[in-house]
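# A closer look at the structure
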Amino acid sequence: VPQCKGFEVKIQGPVKNKEGAVIGVTEHWEINDVSGAKIQCLRHRAVGCSMICNERESKCRNCENIRSHCHRRLNNVECSSDEKQVKKKRLSYMSQEELTSRLQAEQTRAKNAERKAERAKDRKKEIEEEMEQFTEDDHNDFKDMFERLEGNNIPEEMRMFWEAQKEVLEKTDARGNRWHSKIISLCLSVWTRSPDAYKQLQESGMFKLPSGRLLSLYKNSVRQSAGLNDDVLDWLLKEADKSNLDEFGREGGLILDEMSIQEDLQIKSENGVKRLVGLVDLGKEHNSMKALSTGTMKMRNLPPKCIL
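Predicted model only: the values in this text are computed from it and were never measured.

Criteria and cut-off values
- Residues numbered from 1 in each chain as written.
- Predicted model: local features only at pLDDT ≥ 70, side-chain atom pairs only at ≥ 80, totals over all residues.
- Heavy atoms only, no water.
- Helix = DSSP H or I, 4+ residues; strand = E, 2+ residues; numbered from the N terminus.
- Buried < 20%, exposed > 50% of the residue type's maximum accessible area, 1.4 Å probe, protein only.
- Contact = heavy atoms within 4.5 Å.
- Areas by Shrake-Rupley, 256 points an atom, 1.4 Å probe, with all protein chains shown as cover.
- Phe/Tyr/Trp six-rings, centres within 6.5 Å; stacked < 30°, edge-to-face > 60°.
- Lys NZ or Arg CZ within 6 Å of the ring centre and 35° of its normal.
- Patch = residues over 30% accessible without salt bridge, like charges linked within 9 Å, V, L, I, M, F, W, Y side chains within 5 Å.
- Salt bridge = Lys/Arg side-chain N within 4 Å of Asp/Glu carboxyl O.
- Lys, Arg positive; Asp, Glu negative; His and termini not counted.
- Charge placed at Lys NZ, Arg CZ, Asp CG, Glu CD.
- Pairing = 2+ DSSP bridges.
- Core = buried A, V, L, I, M, F, W, Y, C linked by side-chain atoms within 4.5 Å.

So, about the overall build of the protein. Secondary structure assignment for the protein yields ten helices and seven strands. A burial count over the protein gives 19% of its 308 residues as buried. Across the protein, the fraction of contacts at a sequence separation of at least 24, relative to all contacts at a separation of at least 6, is 46%. As presented, the protein carries roughly 25,500 Å² of accessible surface, and 52% of it is formed by carbon and sulfur atoms.

So this is what it looks like as structure tokens:
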């Protein structure tokens, strides 16, 4: 009857189950090689090894189960220390001592990360404090550098933007700011795409930009309504006259593409009268009450949205 000799491994160590009980141990064996010389080796066997195996197999069923589940860990030559073995072991297979060691290592790494973040924060604060004020010599150097810039090398839009920044910084009251139409157009384009991104630019302190309230007034300067809007057509005519378009430039068409309507309510002032304008979902209860009170619409034909 063949005898079970376990299986050869490269790392010495026990194997435990989920409950922490040892189910496999490593043994030192002395075997003969092909030439007949005796060599030392490590072989792992199950605690419940049956000592005998079938003729078709080289190990018993218990040893085979351990080999199929733990052969990677037992043959991982890179894990030269117990710490690396514990790090790669599943938490459910760890003993109480290994779990405690793992927790202490995690706490140490967390404290080191906090100290590193605090040092970086302090260093950033020091750099910002150093950059808040220039010495008189540095100030004169920077001023001389900007004054030497040739006017032909500066784009007109950039010159206009920095002149506007200079005017805004010289004023003490923000209500007296006057913005160029190109700046309003650019800021309005960014603000309509992402109000959060525009707010982040404002709060960065790198630029002085028009407020969101001012941009909202520009956005609502043309009255919006469903269908053909005379105010929009008048605005198009004024823009065409302002751009000096010829008769060919005044011809065009309307293309209806996909659109998404933003759900929002705004207060619009017209001739001294303020009213709410926008799209809002009032819920099924409101639609049902409106259908019962008016009697003009059926329940199933009510739209889920209501325009105020």
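Attention now goes to the packing of aromatic side chains. Using the criterion set out here, one finds zero aromatic pairs in the structure. A cation sits over an aromatic face here: R43 above W29, 5.9 Å from the ring centre.

A contiguous patch of negative charge, built from E156, E163, E167 and E170, is present on the exposed surface. With respect to the element layout, E156 can be found in helix α5 (residues 156-170). When its relative accessible area of 53% is taken as the criterion, E156 is described as exposed.

Relative to strand β3 (residues 22-32), strand β2 (residues 15-16) runs antiparallel, the two sharing two bridges. Residue pairing in the sheet places K16 in a bridge with V22 of β3. Where β2 hands over to β3, the hairpin turn is made up of five residues, of which G20 adopts a positive phi near 90 degrees. Linking two consecutive strands that pair antiparallel, namely β3 and strand β4 (residues 38-46), is a turn of five residues; a positive phi of about 95 degrees is found at G36 within it.

This brings us to the pairing of β4. Examined bridge by bridge, strand β1 (residues 7-9) and β4 share three bridges and lie antiparallel to one another. Residue pairing in the sheet places F7 in a bridge with H44 of β4.

Bringing the sheet that holds β2 into the picture now. One key point about sheets: their strands pair by backbone hydrogen bonds, in either a parallel or an antiparallel sense. Strand order in the open sheet formed by four strands is β1-β4-β3-β2, and the pairing between neighbours is antiparallel. Each edge of the open sheet is held by one strand with a lone partner, namely β1 and β2.

Okay, the side chain of R45 next. Note that R45 resides in strand β4. Judged by its relative accessible area of 9%, R45 is buried. Non-local contacts of R45, meaning those with residues more than four positions away in its chain, are made with C4, K5, G6, G24, V25, E27, W29, M51 and C63.

The grouping of V22, V25 and V47 at the surface amounts to a nonpolar patch, some 220 Å² of accessible area in total. The topology assignment puts V47 in the loop between β4 and α1 (61-74). Its relative accessible area of 55% is what places V47 among the exposed residues.

With twelve residues, the main nonpolar core is built from M160, F161, A164, V168, W179, I183, I184, C187, W191, Y198, L209 and L215. Elements supplying a minimum of two residues to this core: α5 and α6 (181-193). Excluding residues that lie within four positions of it along the chain, W191 makes contacts with Y198, G212, L215, S216 and K219. With ten residues, the next largest nonpolar core counts F7, V9, V15 and C63 among its residues.

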